[in-house]
Amino acid sequence: PSAADRNAQACFLNCCLTLACANQIIFCNLLQAYAKFAGAPLIVNTINNSWSSPKADVPVLISEDIVISQPAKILNFLRKQRYNADYELSAKQGADTLAYIALLEEKLLPALLHTFWVEAENYCSVTKPWFASRIPFPLSLYLPGKMSREALNRILLTRGGPPLYSLTEVEAQIYRDAKECLNLLSKRLGTSQFFFGNTPTTLDAFVFGFLAPVYKVCFPRVQLQEHLKELTNLCRFCDDILTCYFKLTVTDG
Amino acid sequence: MKSAEPWPENAALYQQLKEDQILLSDNAASLAVQAFLQMCNLPVRVVCRANAEYMSPSGKVPFIHVGNQVVSELGPIVQFVKAKGHSLSDGLDEVQKAEMKAYMELVNNMLLTAELYLQWCDDVTVEEITHPRYGSPYPWPLNRILSYQKQWEIRRKMKAIGWAGKSLEQVLEDVDQCCQALSQRLGTQPYFFNKQPTELDALVFGHLFTILTTQLITDELSEKVKNYGNLTAFCRRIEQQYFEGHDKDSSATASARCAKRSLLR
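Residues numbered from 1 in each chain as written. Chains lettered and ligands numbered in written order. Predicted model: local features only at pLDDT ≥ 70, side-chain atom pairs only at ≥ 80, totals over all residues. Heavy atoms only, no water.

1. Notes on the overall build of chain B
Helix and strand counts for chain B stand at 10 helices and 4 strands. Helices (α) and strands (β) of chain B occur, in sequence order from the N terminus, as β-α-β-α-β-β-α-α-α-α-α-α-α-α. Expected size for 265 residues packed as a compact globule is a radius of gyration near 18 Å; at 18 Å, chain B falls within 12% of this value. Viewed in the frame of its principal axes, chain B has a C-alpha envelope of about 50 × 40 × 40 Å. The contacts of chain B with a sequence gap of at least 6 include a subset with a gap of at least 24, amounting to 76%. Separation of charge centres in chain B, based on 28 positive and 31 negative side chains, amounts to 3 Å. (Helix = DSSP H or I, 4+ residues; strand = E, 2+ residues; numbered from the N terminus. Rg over C-alpha atoms; globule rule 2.2 N^0.38 Å. Contact = heavy atoms within 4.5 Å. Lys, Arg positive; Asp, Glu negative; His and termini not counted. Charge placed at Lys NZ, Arg CZ, Asp CG, Glu CD.)

Rendered as structure tokens:
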């Protein structure tokens, strides 16, 4: 895979951190602090080992505890570390950030989880080999399977239940919701470069983090990717960020 | 879009028993739907049944019975009402609609989950309030079995979304973040989208009013909301406009727990 693809497969949370501190390239300190914040030894190890850490490709599970379910916490954390992309935002825009992050988590995340971890072809041919190659033996034997089961569990617990009785019905619903979410994001972005004007903010980081894996990773089953490609402004948004900000990190990686 | 059939007179909304059984989160959901229907000027009778949860097509309350159709939860009810030709958000442009949906997800993601956490994962509240209330219409041992079963189900879900490891303080902090965002978005406007209420206003009202008027073990949760004056004023405004002077059994003026408190002091 090309450098751009590898980057796109890199941690979306790293993207968040990158954008927030685009002017101050102190990744190591930030990531170690982040790892402490995450509190999981696995993450610390992999960050030390390689830039494209596995949690990158698992934005949907490990990072969850840090990012998705507590977006406010990560925002506060970043601000405390004086990495603040949101100086220019008004109070209302700050509130909008929180709301859109909730939208991403509720509507887009289940479909992402499914695409990466539950869809059998995708999981077996892309996710599992990629993930397993980046974590040490013997974790690589059982961790991917565990994450896959947890992803399915999460989808069924949060979105399953009557009147949806089979996995196929749940899957259909979550992809419908994800497509609607992408449409809403596209409408909100319109023709602007970023979500709040001309400079990237935390919301841009989050949206990029969710969209980049869908946009760039080559999966066999790609219904979400096809839908995303029709929303040209979102594709342009991802491409802009990749060219502007990820060239920077490749040299530091 | 003209509706195929007009709204029937005997439309009914079903929820659990008001005084003894209904819990915080269900009361909030029910109130949100009632507020929404009031805002659309669609009359509905509130019917309290102990087995409302089991009658519902999705297992969640409230649900409405309109003509020969049964629809549960706010989202589907909004769609259903729209199909009948009534909508509160038609006047919004695309960007505003996206924003409205995002804020509704914020309320579901943070406020509702916090309510569920408090009810089912905080041991003191579970012992003293939830267990006695949830199974109250049923004889022993069914009452205990049902509430343990529900508790297990909710705790599984909390674990899956990463909330099981949170402490009560963290949950209250999340509630505060959410209220702050809502307060900032509302600003000094009467409703979230200025002059006209939308389903977002109904949803926010349902949750905030219930939190403010439900007596729990401590006042910590309602204090979080009270910190934001414009939110309490918002609830008062909606209570006055859409619930005062109606049938005094309406859920808004006789909500949850023992002490009935109105916001108008």
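2. Remarks on the overall build of chain A
Along its length, chain A carries 13 helices and 0 strands. Helices and strands appear in chain A in the N-to-C order α-α-α-α-α-α-α-α-α-α-α-α-α. For chain A, the proportion of its 253 residues judged to be buried stands at 57%. Considering only contacts in chain A between residues 6 or more positions apart, those separated by 24 or more positions represent 74%. (Buried < 20%, exposed > 50% of the residue type's maximum accessible area, 1.4 Å probe, protein only.)

3. Brief notes about the UniProt feature "domain: Metaxin glutathione S-transferase" (unreviewed entry) in chain B
Listed under "domain: Metaxin glutathione S-transferase" (unreviewed entry) in the UniProt record, and renumbered for this structure, are residues 176-238 of chain B. The span residues 176-238 of chain B carries 68% helix and 0% strand; its end-to-end C-alpha distance comes to 21 Å. (UniProt positions renumbered as here; feature names shortened; annotations may be inferred.)

4. Some remarks on the interface of chain A and chain B
With 31 residues of chain A in contact, the opposing surface of chain B contributes 26 residues. Summed over both sides, the interface between chain A and chain B buries roughly 2600 Å², with carbon and sulfur atoms accounting for 60% of that surface. At the boundary of chain A with chain B, the tally comes to 4 salt bridges. Where Glu-180 of chain A meets Lys-101 of chain B, a salt bridge forms, and the shortest distance between an N and an O atom there is 3.4 Å. (Buried area = accessible area lost by both parts, 1.4 Å probe. Salt bridge = Lys/Arg side-chain N within 4 Å of Asp/Glu carboxyl O.)

5. Considering the packing of helix H9 (residues 139-159) of chain A against helix H6 (residues 142-160) of chain B
Contact geometry for H9 of chain A and H6 of chain B: axes closest at 9 Å, N-to-C directions at 130°. Regarding the angle of H9 of chain A to H6 of chain B, the classification is oblique. Every pair of crossing elements has a handedness; the one defined by H9 of chain A and H6 of chain B is left-handed. Residue-level inspection shows Asn-153, Arg-154, Leu-157 and Thr-158 of chain A of H9 of chain A in contact with H6 of chain B, the latter providing Arg-156, Lys-157 and Ala-160 of chain B. (Axes fitted to C-alpha atoms, helices over the stretch in contact; angles between N-to-C directions. Parallel < 35°, antiparallel > 145°, perpendicular 65-115°, else oblique. Left-handed = near helix turned anticlockwise from the far one by under 90°.)

6. Some remarks on helix H1 (residues 24-39) of chain B
Along an α-helix, residues three or four apart share an orientation, since each turn contains 3.6 residues. Residues and elements named next belong to chain B. A rise of 1.5 Å per residue sets the reference length of H1, with its 16 residues, at 22 Å; its end C-alpha atoms lie 22 Å apart and thus fit the reference within 8%. Taking burial as the measure, the 16 residues of H1 include 14 buried ones, the bulk of the element. Looking at the residues trailing H1, positive phi occurs at Asn-41, about 65°. (Expected span 1.5 Å × (residues − 1).)

7. Focus on the environment of Tyr-100 of chain A
Of note, Tyr-100 of chain A is situated in helix H7 (residues 91-118). The residues touching Tyr-100 of chain A, leaving out its near neighbours within four places in the chain, are Leu-185, Arg-188 and Leu-203 of chain A together with Val-95, Ala-98, Glu-99 and Ala-102 of chain B.

8. Observations regarding the pairing of strand S3 (residues 63-66) of chain B
Residues and elements named next belong to chain B. Bridge count between strand S1 (residues 12-15) and S3: 3 bridges; the pairing is antiparallel. Residue Ala-12 lies in a different strand from S3, and its bridge partner there is His-65. Bridge count between S3 and strand S4 (residues 69-72): 4 bridges; the pairing is antiparallel. Residue pairing across strands places Ile-64 opposite Val-71, the latter belonging to S4. (Pairing = 2+ DSSP bridges.)

9. Remarks on the packing of H1 of chain B against helix H3 (residues 74-83) of chain B
Residue and element names in this part refer to chain B. Direction vectors running N to C along H1 and H3 enclose 15°, while the axes themselves pass 10 Å from each other. As judged from the angle between their axes, H1 and H3 are roughly parallel. Along this stretch, H1 crosses H3, giving a crossing that reads as right-handed. Touching Ala-32, Val-33, Phe-36 and Leu-37 of H1 are Leu-74, Ile-77, Val-78 and Val-81, all from H3. Class assignment of the residues belonging to the contact of H1 with H3 gives a composition of 8 nonpolar, no polar and no charged. (Nonpolar A, V, L, I, M, F, W, Y, C, P; charged D, E, K, R; others polar.)

10. Quick notes on helix H8 (residues 199-213) of chain B
Between the first and last C-alpha of H8 of chain B there are 21 Å, a value that for 15 residues agrees with the 21 Å anticipated at 1.5 Å per step. With respect to burial, H8 of chain B is a largely interior element, 15 of its 15 residues being buried.

11. Side note on the sheet that holds strand S2 (residues 45-48) of chain B
All names here are of chain B. Strand order in this open sheet of 4 strands is S2-S1-S3-S4, and the pairing throughout is mixed. Looking at the sheet topology across the chains shown, the edges are occupied by S2 and S4. Averaged over neighbouring strand pairs, the angle between their axes works out to 25° when direction is ignored. Each of S1, S2 and S3 touches H1; the most contacted strand, S1, lies at about 170° to it. Together, S3 and S4 form the strand contacts of H3, whose direction differs from that of S4 by roughly 135°.

12. Looking at the pattern of salt bridges
Evaluated as defined, the whole model comprises 16 salt bridges over all chains. Between Glu-121 of chain A and Arg-221 of chain A there is a salt bridge, with its nearest N and O atoms 3.0 Å apart. Taken as a pair, Glu-121 of chain A in helix H8 (residues 120-132) and Arg-221 of chain A in the loop between helix H11 (202-216) and helix H12 (223-230) lie far apart in primary sequence, 100 residues in all. A relative accessible area of 43% places Arg-221 of chain A in the partly exposed class. With a shortest N-O distance of 3.2 Å, Arg-155 of chain B and Asp-123 of chain B are connected by a salt bridge. In this pair, Arg-155 of chain B is assigned in helix H6 and Asp-123 of chain B in helix H5 (residues 123-134), connecting sequence segments 32 residues apart.

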